[in-house]
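Reading the structure
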Amino acid sequence: MLIAVAVLVALRDAWPAAELSDIVARLTRIAPGQWALSLAATAACFGCFARSEAAVHRALGTRRAPLAAGRSAMAALGVTQVTGLGPLVGLLVRWRCDPAGGLGRAAMVTAASSGAFLAALATLAALGIVSGGLGGTALRIAGWSILAVVAAGLLAVALNRRAGRLPPLPLVLTIAGWAMADASFAACAFWAFLPEIPYLQVLPAFLLSLGAGLASGLPGGAGSFDLTLAQSLPLAAPGALICAAMAFRMAHVAVPGALALAALTLRPSLFAAPDLPARTATGLAPPPDATRAEAGLLHQPGAVALLRHGRPAATCWAAPHTLAQIGPDYDGYTRADTLIAAAWEQGRMPLAYKIEERDAVRLGARGWARLRLGAEAVVDASTFDPARPACRQLRRKLRKAETAGVTIGTDPACPADMARIDRAWQATCGPARGVSMGRYAPCYVAHQRVFTARLHGRAVAFITLHQGAREWTLDLVRWDAEAPDGTMHALVAHAISAARTEGVTDVSLAAVADGARWQPRGSEGLRRFKSYFDPRWRPLYAAAPSRLALALGLADLLWCIARPPETAPAHEDDETSAFVHSAHS
């Protein structure tokens, strides 16, 4: 109260020419169209705030239903504008609207939503100051400083390479966009009553005044808002400013506040809604009837299951800004709807990675951009025969391994030997990578089929394969310096024979870039190694809703492949490692 009285005294000195009769006369002359414009802008402002807070819920992972979250946000905004003490009252209103979420969730949402709005307010005000020349040199320096901080923050989010450390960039931009639209519509609701001054001049002055009003914590920003407005628009008539401020409070504060209080009192069911079901989960196993054996990537630390009706439907990887589905759904088809919904919930861009041509064509018909990545080598285990003419080079490699005394066993080496071989491999070939190319870890290999090569009883190499109902897929390929030439060929040939014995139809030797668009280093050696087994080549694609999303999504995912987390358990896929077999070719 003391602050309010002091501000009102300052207003009396700032606007000595403002007479009560003049203010009343101006209020009566406000046209219906001005009221309509202000009310419409107020409705748009509250709608944008609702969208912004719904996105905040997504950033926090609350799974609150967007409609209920938006209604709670509008109720909180309406009440706090009337009562003042925004954060505290907003917290209590949100808790009242979402008792199931608890006080903690209400506090997190209030803090994040308030912070987002204040950041948007500061950004818009700074843009208006530096572009419109409002204020003196000190104010312009402050404006440039704010813009520099905002740019640095966005750059930090964009360059973030660890999922979960910061919100995804698409979600940050969504929150910022709605928050800035919210502030812009609020300014429009005020400008409707002061049309003689251009909107772009009113905008920065209004935003500065609004910030001062919010900082005061008084109902409707009483006093602080008006005083800052008088100082920011010194050329405006005092009576016109007072009239505009009073009319603005009627349209933008009183009306929404009354509606919010009525809704909270009479229709509390408007704010009740069950939380959305989880669309991704960790720690799950793929179904045993999964069509593609590469579904076993779900066992990899860092992979997440895409859920449909509460059951695992596909394997995904949450990159910092992208949710990438690795391969088709477990039933063999790629359905974008579930991926899109999960990506939207997380604020990430959806990306379908390593999908078959038929799925790429289907997504392309929906308007998605697609890119051929390469081809997957698939061997028909039922007809595979090293004695056929196409496998002449393979027979030469197998004879070398046999002459050197290499023996192949279906029993895995002990974890210590496998770790030793993995370390030796990395010392020769470089650090292991991530995602669908990966790192050795005992907990991961425990879910795979393992074949070990020994020389004079000592383990010198091993391979692992994902196991599916009708398919096996080559995954890890490791050897040390003592492995003779032909060792890896013998391991793969033995695995194919074992698959045929167990009634498995196909053995995938994983993918290789085929030069359709790009040719990574070592691809030719990798293709040559796989060609020894006379496979058929199955094209693989990536797809995303737009070309920009496709480019950004692939860049995001490839960074995760090239720079896996330091603390992640290690394992590595044939796509990276097998090309080094060319050293033995």
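Above this text you will find the structure in question.
What this report covers is the structure whose coordinates are included nearby. Sequence order sets the numbering: in each chain, residues are counted from 1 along the sequence as written. Confidence filtering applies because this is a predicted model: local features only for residues at pLDDT of at least 70, side-chain atom pairs given and counted only at 80 or more, and all residues used for totals across whole chains, interfaces and linings. Excluding hydrogens and water, the side-chain values take into account all heavy atoms of the structure.

Right, let's get into unusual backbone geometry. The backbone phi angle of His-309 is positive, close to 55°, even though this residue is not glycine. Inspection of the secondary structure assignment puts His-309 in the loop between β2 (303-308) and β3 (311-318). A 1.4 Å probe rolled over the protein chains alone gives each residue an accessible area, and that area as a share of the maximum for its type sets the label: buried under 20%, exposed over 50%, partly exposed in between. By relative accessible area, His-309 is classed as exposed at 79%. Positive phi is not limited to glycine here, since Lys-354 has a value of about 60°. Relative to the elements of secondary structure, Lys-354 occurs in strand β5 (residues 349-356). Here Lys-354 falls in the buried class, since its relative accessible area comes to 7%. By definition, any uninterrupted DSSP run of H or I lasting at least four residues is a helix, any uninterrupted run of E lasting at least two residues is a strand, and each is numbered from the N terminus.

To continue, consider the sheet that holds β3. Remark on secondary structure: sheet strands pair via backbone hydrogen bonds, oriented parallel or antiparallel. Strand pairing is assigned whenever DSSP identifies at least 2 bridges connecting the two strands. Taken in spatial order, the twelve strands line up as β1-β2-β3-β4-β5-β12-β6-β11-β10-β9-β8-β7 in an open sheet, and their pairing is mixed. Both outer strands of the open sheet, β1 (280-281) and β7 (406-409), are each paired with one neighbouring strand and no more. Bridge count between β2 and β3: six bridges; the pairing is antiparallel. The partner of Leu-306 across the bridge, within β3, is Ala-314. Running at roughly 145° to β5, helix α12 (residues 336-346) makes contact with β1, β2, β3, β4 (322-326) and β5 of the sheet. For this analysis, residues touch if any pair of their heavy atoms sits within 4.5 Å. Axis geometry follows a simple rule: fit a line to the C-alpha atoms, using only the stretch in contact for helices, then measure angles between N-to-C directions, giving values from 0 to 180 degrees.

Let us look at helix α17 (residues 487-501). Here a helix's expected span is defined as the number of its residues, less one, multiplied by 1.5 Å. If you check α17, its first and last C-alpha atoms are 21 Å apart, about what 15 residues at 1.5 Å a residue would give, namely 21 Å. With eleven of 15 residues buried, α17 is to be regarded as a mostly interior element. Looking one or two residues beyond α17, the residue adopting positive phi is Gly-503, at roughly 80°.

Running from N to C, helix α3 (residues 32-60) and helix α4 (residues 66-83) cross one another at 125°; their axes reach a closest spacing of 8 Å. In terms of orientation, α3 lies oblique with respect to α4. Judged by the twist between their axes, the crossing of α3 over α4 is right-handed. Residue-level contacts link Phe-46, Gly-47, Phe-49, Ala-50, Glu-53, Ala-54 and His-57 of α3 to Pro-66, Ala-69, Gly-70, Ala-73, Met-74, Leu-77, Gly-78 and Gln-81 of α4. The residue makeup of the contact of α3 with α4, split by class, is nine nonpolar, five polar and one charged. For classification purposes, an angle smaller than 35 degrees is called roughly parallel, one larger than 145 roughly antiparallel, one from 65 to 115 roughly perpendicular, and anything else oblique. Take the far helix as your reference; a near helix turned counterclockwise from it by less than a right angle gives a left-handed crossing, and one turned clockwise gives a right-handed crossing. Classes in brief: Ala, Val, Leu, Ile, Met, Phe, Trp, Tyr, Cys and Pro nonpolar; Asp, Glu, Lys and Arg charged; the others, Gly included, polar.

Side-chain atoms within 4.5 Å link the members of a nonpolar core, which is a set of buried Ala, Val, Leu, Ile, Met, Phe, Trp, Tyr and Cys residues. Membership of the largest hydrophobic core comes to 40 residues, with the highest contact counts inside it found for Ile-326, Leu-351, Tyr-353, Leu-550, Leu-554 and Leu-557. If one sorts the elements of this core by residue count, helix α19 (residues 547-562) sits on top with six residues. Sequence-distant contacts of Leu-554, that is, excluding residues within four places in its chain, are made with Leu-351, Tyr-353, Leu-371, Leu-373 and Ala-542. One finds Leu-194, Ala-240, Cys-243 and Ala-251 within the second-largest nonpolar core, a separate group that totals 37 residues.

This part takes up the pattern of salt bridges. Here, a salt bridge means any side-chain nitrogen of Lys or Arg that lies within 4 Å of a carboxyl oxygen of Asp or Glu. One pass over the structure, following the stated rule, counts 28 salt bridges. As a salt-bridge pair, Arg-292 and Glu-376 come within 2.8 Å of each other at their nearest N and O atoms. Placement of Arg-292 in the loop between β1 and β2 and of Glu-376 in strand β6 (residues 369-380) is noted, with a sequence separation of 84 residues between them. Assessed through its relative accessible area of 3%, Glu-376 is described here as buried. Put simply, Asp-534 and Arg-388 hold a salt bridge, and the shortest N to O gap is 3.6 Å.

What follows deals with the pairing of β5. Of all the eight residues making up β5, eight are buried; the element is thus mostly covered by neighbouring parts of the structure. Where β4 lies against β5, five bridges are found, and the strand directions are parallel. What sits directly across from Gln-325, in β5, is Ala-352. Looking down the strands as they point away from you, a crossover is right-handed if its path from the first strand over the helix to the second goes clockwise. Handedness of the β4-α12-β5 crossover: right-handed.

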